[in-house]
Each structure stands twice: as C-alpha cells, then as structure tokens.
Amino acid sequence: EDQVTQSPEALRLQEGESSSLNCSYTVSGLRGLFWYRQDPGKGPEFLFTLYSAGEEKEKERLKATLTKKESFLHITAPKPEDSATYLCAVTQGGSEKLVFGKGTKLTVNP
Amino acid sequence: DAGVTQSPTHLIKTRGQQVTLRCSPISGHKSVSWYQQVLGQGPQFIFQYYEKEERGRGNFPDRFSARQFPNYSSELNVNALLLGDSALYLCASSLQGIGYTFGSGTRLTVV
C-alpha cells in the first residue's frame, strides 16, 4: 500500500535555529511530491511541487529537495510566523489523488 | 482572483442526519477533489471529479456521495451521519493536475 511518512511528528525550534523536516514515501511511479503548510482550522496552503529526484525549490526561508525515496523541507533561520503544520503529499501515475502524511507540527519560539 | 470557496464554514448536525457541503473552484479549474481531515491526521481523499465525471473515489462508505455541476462547482453529501464523521472537509481544485489549491474547509461537528 502506498505510504507517506513524515518525521518528526512535532518539532520545537528557537527563532533562528535551522532544521529539516523529512517525508519518506513508498509509491510506484511517483508523479509529484507536494509540500503544504497548514495553520490551525485552515486549509492547506501550497508551498512546492517536486517532480524528479535531484530537484530543489526555494521560497523565502524554505527549501525543498527530493530523492528517489524521500523529500526534505529545510527551514533556514525560522521565525515565529513559520509555526504551522507542514504536510507532505504524493501523486502517482495517472491519478490526481493526493496521499498525505500525518504532518509535522513546527513551533518556533521567539 | 477568488480562490477555492467552501460553504458553510462551520456546521453542527445530529447523528443520523444528512449534510451537504459546497465548493466553488478557482475560475478555469475543471477538477475538484474532496478530502476529510480528522484532528491530528493528514487529509484523506474522498472523491475527485473532472468535467462532471467521477475520476476517483477513496475508501469511504456509500453514505458519502458527490457531484459536479456544469459550472464546475461541487457538492459533497453525507447521509446517516455518525459521530466519526466529525472532521474538517476540504475541497481542492486543480488545472489538470498541475497544482492543487485548497479551500479553507467546512468544519462538521456531529453530536
């Protein structure tokens, strides 16, 4: 069965303390890997899509990378406003179905 | 440009009742998907519609149904509500699978 596993489940950082979130996946025929940010009670907000191993994308303090089995979301010098749950999802083959992990809840303390 | 809009934002229903949730996609997006997110979990796929046809269905009982209208808006219906149906219901629209934009969701509470 296709599976997406995110680690850690929760992460507490001090402002300015860089770290990485992990998303490992077991799907055949990866079509795309997606990162979303979700604030409490809100819908997921799109961050990045990665399509092939070796691909990297950046946005402000966030950088996403992709290998054949996992993706990393690197957060450089985070600020309190980066506190949120970060979700990873994949699509495969001809399907548009997103398969999500459980997310990593990030808290950045001032 | 309006994003994905969902209504209502919050809803409280009694066990056994029926509920209809609504979604308007981003203008030009012909694909609409529905997801259920329970607290502490990632969203779970329920349905996908493209050009008014069902393209995918997740592992949900037949109490869940959906449809898409000619203007690409969509409704999700849930019959015979159970306490376990309490969740955030999310709608996402996409342009042929290139990017998925979510609405803010409908928070359904079943009592």
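Read on for an overview of the structure. In this text, all values refer to a predicted model and were calculated from it rather than measured experimentally. (Residues numbered from 1 in each chain as written. Chains lettered and ligands numbered in written order. Predicted model: local features only at pLDDT ≥ 70, side-chain atom pairs only at ≥ 80, totals over all residues. Heavy atoms only, no water.)

## Description of the overall build of chain A
Moving on, step 1. Counting its regular elements, chain A contains 0 helices and 11 strands.
Moving on, step 2. Listing each helix as α and each strand as β along chain A from the N terminus yields β-β-β-β-β-β-β-β-β-β-β.
Moving on, step 3. Relative to the compact-globule value of 13 Å for 110 residues, chain A shows a C-alpha radius of gyration of 13 Å, a close match.
Moving on, step 4. Principal-axis analysis of the C-alpha atoms places the extent of chain A at approximately 45 × 30 × 20 Å.
Moving on, step 5. The burial tally for chain A puts 44% of its 110 residues in the buried class.
Moving on, step 6. In chain A, the proportion of contacts linking residues at least 24 apart, taken out of those at least 6 apart, comes to 55%.
Moving on, step 7. Carbon and sulfur atoms form 48% of the exposed surface of chain A, whose accessible area is close to 5,500 Å².
Moving on, step 8. The averaged location of the 15 negative side-chain charges in chain A is 2 Å from the averaged location of its 14 positive side-chain charges. (Helix = DSSP H or I, 4+ residues; strand = E, 2+ residues; numbered from the N terminus. Rg over C-alpha atoms; globule rule 2.2 N^0.38 Å. Buried < 20%, exposed > 50% of the residue type's maximum accessible area, 1.4 Å probe, protein only. Contact = heavy atoms within 4.5 Å. Areas by Shrake-Rupley, 256 points an atom, 1.4 Å probe, with all protein chains shown as cover. Lys, Arg positive; Asp, Glu negative; His and termini not counted. Charge placed at Lys NZ, Arg CZ, Asp CG, Glu CD.)

## Regarding the packing of aromatic side chains
Moving on, step 1. A complete count under the given rule lists 10 aromatic pairs over all chains for this structure.
Moving on, step 2. Geometrically, the ring pair formed by Tyr36 of chain A and Phe100 of chain A is tilted, given 6.0 Å between the ring centres and 45 degrees between the ring planes. Separated by 64 residues along the polypeptide, Tyr36 of chain A in strand E4 (residues 30-38) and Phe100 of chain A in strand E10 (residues 99-100) bring together distant segments of the chain. Residues Tyr36 of chain A and Phe100 of chain A agree in their burial class; the two are buried.
Moving on, step 3. Note on Tyr35 of chain B and Phe45 of chain B: the rings are 5.7 Å apart at their centroids and 65 degrees apart in plane angle, and the pair reads as edge-to-face. Placement of the pair is Tyr35 of chain B in strand E4 (residues 31-37) and Phe45 of chain B in strand E5 (residues 44-50), with a sequence separation of 10 residues. Across this residue pair, the class does not change: Tyr35 of chain B and Phe45 of chain B are buried. (Phe/Tyr/Trp six-rings, centres within 6.5 Å; stacked < 30°, edge-to-face > 60°.)

## Looking at the sheet that holds strand E1 (residues 5-7) of chain B
Sheets are built from strands paired through backbone hydrogen bonds, the pairs being either parallel or antiparallel.
Residue and element names in this part refer to chain B.
Moving on, step 1. One open sheet holds the 4 strands; their spatial order is E1-E3-E8-E7, and the pairing between them is antiparallel. Each having just a single partner strand, E1 and strand E7 (64-68) make up the two edges of the open sheet. For this sheet, the mean angle separating the axes of adjacent strands, direction not counted, is 15 degrees.
Moving on, step 2. Summarising the sheet, strand E3 (residues 19-24) and strand E8 (residues 74-78) pair through 5 bridges and their orientation is antiparallel. Looking at the pairing, Cys23 lines up with Ser74 of E8. (Pairing = 2+ DSSP bridges. Axes fitted to C-alpha atoms, helices over the stretch in contact; angles between N-to-C directions.)

## As for the nonpolar core
Residues and elements named next belong to chain A.
Moving on, step 1. Of all hydrophobic cores here, the largest spans 24 residues; its most connected members are Leu33, Trp35, Leu73 and Tyr86.
Moving on, step 2. Elements supplying a minimum of two residues to this core: strand E2 (10-14), strand E3 (19-26), E4, strand E5 (45-50), strand E7 (62-66), strand E8 (70-75), strand E9 (84-92) and strand E11 (104-109).
Moving on, step 3. For this core, the leading source of residues is E9, giving 4 residues.
Moving on, step 4. Beyond its immediate chain neighbours, meaning those up to four positions away, Leu73 contacts Ser19, Ser20, Leu21, Trp35, Phe48, Leu62, Lys63, Ala64 and Tyr86. (Core = buried A, V, L, I, M, F, W, Y, C linked by side-chain atoms within 4.5 Å.)

## Comments concerning the state of the cysteines
Moving on, step 1. What the rule picks out here adds up to 2 disulfides over all chains.
Moving on, step 2. Note on cysteine connectivity: Cys23 of chain A is disulfide-linked to Cys88 of chain A, with sulfurs 1.9 Å apart. Residues Cys23 of chain A and Cys88 of chain A are joined by a disulfide whose S-S torsion is about -60 degrees; by sign, that bridge is left-handed. Of this pair, Cys23 of chain A sits in strand E3 while Cys88 of chain A sits in strand E9, and the two are 65 residues apart along the sequence.
Moving on, step 3. Here Cys23 of chain B is linked by a disulfide to Cys91 of chain B, with a sulfur-sulfur distance of 1.8 Å. Between Cys23 of chain B and Cys91 of chain B the sulfur-sulfur dihedral comes to about -65 degrees; the bridge is accordingly left-handed. Note that Cys23 of chain B is positioned in strand E3 and Cys91 of chain B in strand E9 (residues 87-95), a separation of 68 residues in sequence. (Disulfide = S-S within 2.5 Å.)

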